[in-house]
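So the chains spell out like this:
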Amino acid sequence: MHGKCRHVFITCTLESWSYNKQSHLPHGVTLIGTILSSDKTNISTLSGGRIAHPLLIGLANIKMSTRLKLSSHSFMLTALLPVPNFIHPSRRMRGVLEDRLVHQCLDIVLSPLKQAARLGAMIPDFNGDMRYCFTSLASYICDTPEAAMLAAFGGKTSPLTMAMFKQFGDPFHHEPRTRETTLAQLSVAKSKADPADVEAFFREAQHFCLNGVHEPFWRNYLLACPSSFLTPEFLHYLHRKFWDHDAKWCINVVGAAEIDFRFSILQPIVGFQHFKGGITKLKQVTGHVHHDIQHYIVGIISGPSPAGFVTAIRALMDFRYRVQAHRIDDGDTAVINDALSEFHANKDVILQLGARRGEGQKNPINNWQIPKLELMQSIVLSIRRSGVPMQWTADVMEHVHITEIKVPAGSSNNNNYEPQICQYLDRAEKCRSFEFITSLLGQHTPGSPSSDVDSEPSSDTDPDSDSAPAVENEFELRVTGMDRTPLSPGYAHPITNYFTIAAQLCTKNADTIPLPLRMFSVNNNTAIHLGYDPSIWRMIIDDAAEKYGLPDLRPALADFLNREKACGPDTVHPIGGQRRASSAFSLPFDEIQVWFKVRVQNTEFGDPSVVVPAQTLFSSPPDESWSFGQYDTAIFNVDSESRWPESGLKGLCTIYTIHNSLPCLTGHHVCQL
């Protein structure tokens, strides 16, 4: 069966960026993609007001799953850029001088990389062989204001395209701003004014919307173009834009009191923040909070908001969700473009409702002069050129600021902290290298405890799992320990693969594993794991039906047993539909076991071969405070022909099926979800 071929975008080393750069280099050389990042960060707490401007460096050749791990130390501190206070009377000229100083420092620090990008350098690989390498600039990760500064443009223009501030709301992608165009404009400005005369040169540069930097650091960096290496960054492009604009629109349309009330009455869900006081008065909101609010926002605004407004917000949420995939193909890029086009088709209703307002302003704003909105038009082009944007996320950089800057600065005496930070990092690197070498030596030493890695299987230390302390079967313990591998990028701890464990349990003899099974998969895209010990060991069926509001519990169990008897244990048994058995049906057992939590694991949306960490669904029985109890909600796809989200809710949550390949025993289990 022949299917349609699609281009799958993953990392920059596999995309057109790598091939375009390689075509300009000699045959047989190694291309090393360099990743840079810089952003100002506070290093003092509550007092002092000290700011550091670190420049970090990493390699795009490192596998994305490894590079995104916070514990991999894949980014290193290259330099601490100065944060000066100029005494020029004009505030604008002080900004121009600061921008010039940053570019001059980058020019000095990156000169070895520029030389290696132009002439090449001999670098040893992990086997000790020398390779002829060229260091091209793959990405420079930064926020929006710093991106404009690095591209040598003012704040009211796009650093990636030729769009001006009045064109930020256009529903199409403008012409890219190439390095040749910028350098030609700088040449014209230099011919009319001496760059040493800062004010005169700035006036000439303003005609081209330049920021007054006469020698950008990338001018002599081979094949480095700001429209290419300024890759999209989710923390600022998407999540910060959502909080600064989308969330404010929703608050203005729904009303602050109403939206806070709606957030406060939401069912608390494990793993997501519960906003019992609403969101309008939140201070110092982090990226994690942005994520949690985005999970609820479409449902929160539905009802009191016009349909066009909800459609516009939902289209932006679809866009954000899609571009965060670790694997994107041509079909996904088309859907991403369609989502952005749908927003532009419905965005006028936002202005009509007066939802767009400035900070502290009561009068509505009737324009779309939002830089991040224009930058969203360049994300698909960046995907086709440099791979998925998830590999350029600044979440890792924010964590590196803590480990490489704030923690070392906290160990200093708060005086002349720059050399003390460097000394701290040197010592930490030596300690890590020593521990790594000694661990390798211990593994190869005969008779050492770590020389035989198979002597004792590793246990599952997941705090949400019930099975670790009570596993009595050697096979299940061994499988659980062997299948903890980091299959998904960006996670610091190994991931227990319930799919592999469930498949192996089904192939073993029933006499060698604990029955009934507490781990199974549904349609190969969802795995379910119950703890070894239930929350309630024995509970009368009628008491459970009354307590948990399940009037058809006895008929449902009777129908299941009848189908099991008629069709055999290898049949897929649907749960749902009309009950055939009566409520007075006599069951071969009177008691059941009840679980209050269950682990559910899925695969990556963009790549089904990648397993993501399992999530825990909790429930609490009814009590005086909660008459109907508390529970988490999950939607399961039980139709193999339906692909969410294209199919919508078709094939979801209609029939829940469990495929049991082993002989079924009496004493079935009910999980309150």
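Everything quoted here is computed from the prediction, not taken from an experiment.

Trainee: Just checking my understanding: could you explain the overall build of the chain for this structure?
Mentor: Scanning the chain from N- to C-terminus turns up 22 helices and 20 strands. Within the chain, buried positions represent 46% of all 673 residues. Considering only contacts within the chain whose residues lie at least 6 apart along the sequence, 65% involve residues at least 24 apart. Approximately 34,400 Å² of the chain is accessible, and the part contributed by carbon and sulfur atoms is 54%.

Trainee: Any chance you could explain the packing of aromatic side chains here in plain terms?
Mentor: When we look at a pair of aromatic rings, we describe it by the centre distance and by the angle of the planes. Enumeration according to the criterion identifies eight aromatic pairs in this entry. The interplanar angle of 55° and the centroid separation of 6.2 Å between the aromatic rings of Phe217 and Phe229 together place this pair among those described as tilted. Of this pair, Phe217 sits in the loop between helix H7 (198–206) and helix H8 (226–229) while Phe229 sits in helix H8, placing them twelve residues apart in sequence. Judged by centre distance (5.7 Å) and plane angle (85°), the ring pair of Phe263 and Phe275 falls under edge-to-face. With Phe263 in helix H10 (residues 256–264) and Phe275 in the loop between H10 and helix H11 (287–301), the pair connects residues that are twelve residues apart, well separated along the chain.

Trainee: Would you mind showing me how to read the nonpolar core here?
Mentor: General note: in soluble globular proteins, nonpolar side chains tend to be found buried as a group. Grouped together as the largest cluster of nonpolar side chains are 104 residues, with contacts concentrated most on Tyr140 and Trp249. Counting residues per element, this core draws most heavily on helix H9 (residues 234–254), at eleven residues. With near-sequence residues (within four places) excluded, Tyr140 lies in contact with Leu36, Ser37, Ser38, Leu55, Leu106, Leu150, Phe217, Phe229, Leu230 and Thr231. If you look at the next biggest cluster of nonpolar residues, it comprises 17 residues, including Ile536, Ala558, Leu561 and Phe589.

Trainee: Could you clarify how one ought to interpret the side chain of Asp143 in this entry?
Mentor: With respect to the helices and strands, the residue Asp143 is situated in the loop between strand S7 (130–141) and helix H5 (144–150). Of the side chains with opposite charge, Lys372 comes closest to the buried, unpaired Asp143, at an N-O distance of 8.2 Å. Separated by 3.1 Å, the side chain of Asp143 and the backbone nitrogen of Glu146 make a polar contact. Not counting the four nearest positions on each side in its chain, Asp143 is found in contact with Asp39 and His236.

Trainee: Quick question: what am I supposed to make of the packing of H9 against H11 here?
Mentor: At a minimum axis separation of 10 Å, H9 and H11 run at an interaxial angle of 40°. What the angle tells us is that H9 and H11 run oblique. Note that H9 runs across H11; the crossing there is left-handed. Contacts between H9 and H11 involve Leu235, His239, Arg240, Phe242, Trp243, Cys250 and Val254 from the first element and Gly287, His290, His291, Ile293, Gln294, Ile297 and Ile301 from the second. Here the residues of the contact of H9 with H11 are counted per class, giving eight nonpolar, five polar and one charged.

Trainee: Explain the sheet that holds strand S16 (residues 597–602) here, please?
Mentor: Strands pair in a sheet through their backbones, by hydrogen bonds, and they do so in one of two ways: parallel or antiparallel. An order of S11-S12-S16-S17-S18 is seen for the five strands of this open sheet, with the pairing classed as antiparallel. Each edge of the sheet is formed by a strand with only one pairing partner; in this case those strands are strand S11 (519–522) and strand S18 (630–631). With four bridges connecting them, S16 and strand S17 (residues 615–620) associate as antiparallel partners. Each residue of the ladder has a partner; that of Lys597, found in S17, is Phe618.

Trainee: I keep staring at helix H6 (residues 179–192) and nothing clicks. Help me out?
Mentor: Taking 1.5 Å of rise per residue, 14 residues should cover 20 Å, and H6 covers 20 Å from first to last C-alpha, within 8% of that figure. Restricting attention to buried positions, one finds in H6 the residues Arg179, Thr182, Gln185, Leu186 and Ala189. Down the axis of H6, the smallest arc covering the buried residues is 130°, so these residues share one side. Turned more than 90 degrees off the buried face of H6, the exposed positions are Glu180 and Ser191. Residues of H6 that are buried in the fold lie against H7 and H8.

Trainee: Where do I start with unusual backbone geometry in this structure?
Mentor: With glycine set apart, most residues show a phi of negative sign, and most peptide bonds adopt trans. Positive phi values are uncommon outside glycine, yet Cys209 reaches one of about 65°. Within the element layout of this structure, Cys209 appears in the loop between H7 and H8. Although it is not a glycine, Leu223 adopts a positive phi angle of roughly 60°. Looking at the element boundaries, Leu223 is found in the loop between H7 and H8.

Trainee: Sorry if this is basic, but what is going on with the environment of Ser302 here?
Mentor: In this structure, Ser302 sits in the loop between H11 and helix H12 (307–323). It is 9.3 Å that separates the C-alpha atoms of Ser302 and Val254, two residues lying 48 residues apart in sequence. Not counting residues within four places of it along the chain, the set of residues in contact with Ser302 comprises Arg262 and Val310.

Trainee: I keep staring at a nonpolar patch on the surface and nothing clicks. Help me out?
Mentor: Residues Met122, Met130 and Tyr132 make up a contiguous nonpolar surface patch of about 310 Å² in total accessible area. Note on placement: Met130 falls in strand S7.

Trainee: Explain helix H3 (residues 91–109) here, please?
Mentor: Taking 1.5 Å per residue, 19 residues should reach 27 Å; H3 reaches 27 Å between its end C-alpha atoms and fits that length. Every buried residue of H3 is accounted for by Met93, Val96, Asp99, Arg100, Val102, His103, Cys105, Leu106 and Asp107. The inward-facing, buried residues of H3 abut strand S4 (51–59), strand S5 (76–81), helix H4 (111–119), S7, H5 and H7.

Trainee: What should I look at first to understand the pattern of salt bridges in this one?
Mentor: Any two side chains of opposite charge can pair, given that their charged atoms come close. Taken as a whole, this structure holds 15 salt bridges when the rule is applied. Note that Asp542 is salt-bridged to Arg554, the shortest N-O span being 3.2 Å. One end of the pair, Asp542, is in helix H21 (residues 541–547); the other, Arg554, is in helix H22 (residues 553–567), with twelve residues separating them in the sequence. With relative accessibility at 43%, the residue Asp542 sits in the partly exposed group. Overall, the relative accessible area of 15% leaves Arg554 in the buried class. One network of salt bridges, with partners in common, ties together Asp107, Lys114, Glu215 and Arg219.

Trainee: I'm lost on the environment of Asp143 in this one. Help?
Mentor: A relative accessible area of 15% places Asp143 in the buried class. Sequence separation between Asp143 and Ala394 is 251 residues; the distance between their C-alpha atoms is 8.7 Å.

Trainee: For this particular structure, what's the right way to read the pairing of S7?
Mentor: Both faces of the sheet carry side chains from a regular strand, because those side chains alternate between them. The element S7 is largely enclosed, with a buried count of nine among its twelve residues. Of the pairings in the sheet, the one linking strand S2 (residues 30–38) to S7 comprises eight bridges and is parallel in character. Within S7, the position partnered with Ile35 by the bridge is Ser139. Where strand S6 (residues 121–124) and S7 come together, four bridges link them in antiparallel fashion. From the neighbouring strand, Pro124 faces S7, where its bridge partner is Met130.

Trainee: Would you mind showing me how to read the packing of H3 against H7 here?
Mentor: Between two packed helices, the angle of one axis relative to the other and the distance separating the axes together describe the packing. Across the interface, H3 lies against H7 with an axial gap of 11 Å and an inter-helix angle of 90°. When the interaxial angle is binned, H3 and H7 end up roughly perpendicular. On H7, the residues touching Arg92, Met93, Val96, Leu97 and Arg100 of H3 are Val198, Glu199, Phe201, Phe202 and Gln206. Taken together, the residues of the contact of H3 with H7 break down into six nonpolar, one polar and three charged.

Analysis parameters
- Residues numbered from 1 in each chain as written.
- Predicted model: local features only at pLDDT ≥ 70, side-chain atom pairs only at ≥ 80, totals over all residues.
- Heavy atoms only, no water.
- Helix = DSSP H or I, 4+ residues; strand = E, 2+ residues; numbered from the N terminus.
- Buried < 20%, exposed > 50% of the residue type's maximum accessible area, 1.4 Å probe, protein only.
- Contact = heavy atoms within 4.5 Å.
- Areas by Shrake-Rupley, 256 points an atom, 1.4 Å probe, with all protein chains shown as cover.
- Phe/Tyr/Trp six-rings, centres within 6.5 Å; stacked < 30°, edge-to-face > 60°.
- Core = buried A, V, L, I, M, F, W, Y, C linked by side-chain atoms within 4.5 Å.
- Lys, Arg positive; Asp, Glu negative; His and termini not counted.
- Salt bridge = Lys/Arg side-chain N within 4 Å of Asp/Glu carboxyl O.
- Polar contact = N/O pair within 3.5 Å; in protein donor to acceptor, adjacent residues only side chain to side chain.
- Axes fitted to C-alpha atoms, helices over the stretch in contact; angles between N-to-C directions.
- Parallel < 35°, antiparallel > 145°, perpendicular 65-115°, else oblique.
- Left-handed = near helix turned anticlockwise from the far one by under 90°.
- Nonpolar A, V, L, I, M, F, W, Y, C, P; charged D, E, K, R; others polar.
- Pairing = 2+ DSSP bridges.
- Expected span 1.5 Å × (residues − 1).
- Arc of directions from axis to C-beta.
- Patch = residues over 30% accessible without salt bridge, like charges linked within 9 Å, V, L, I, M, F, W, Y side chains within 5 Å.

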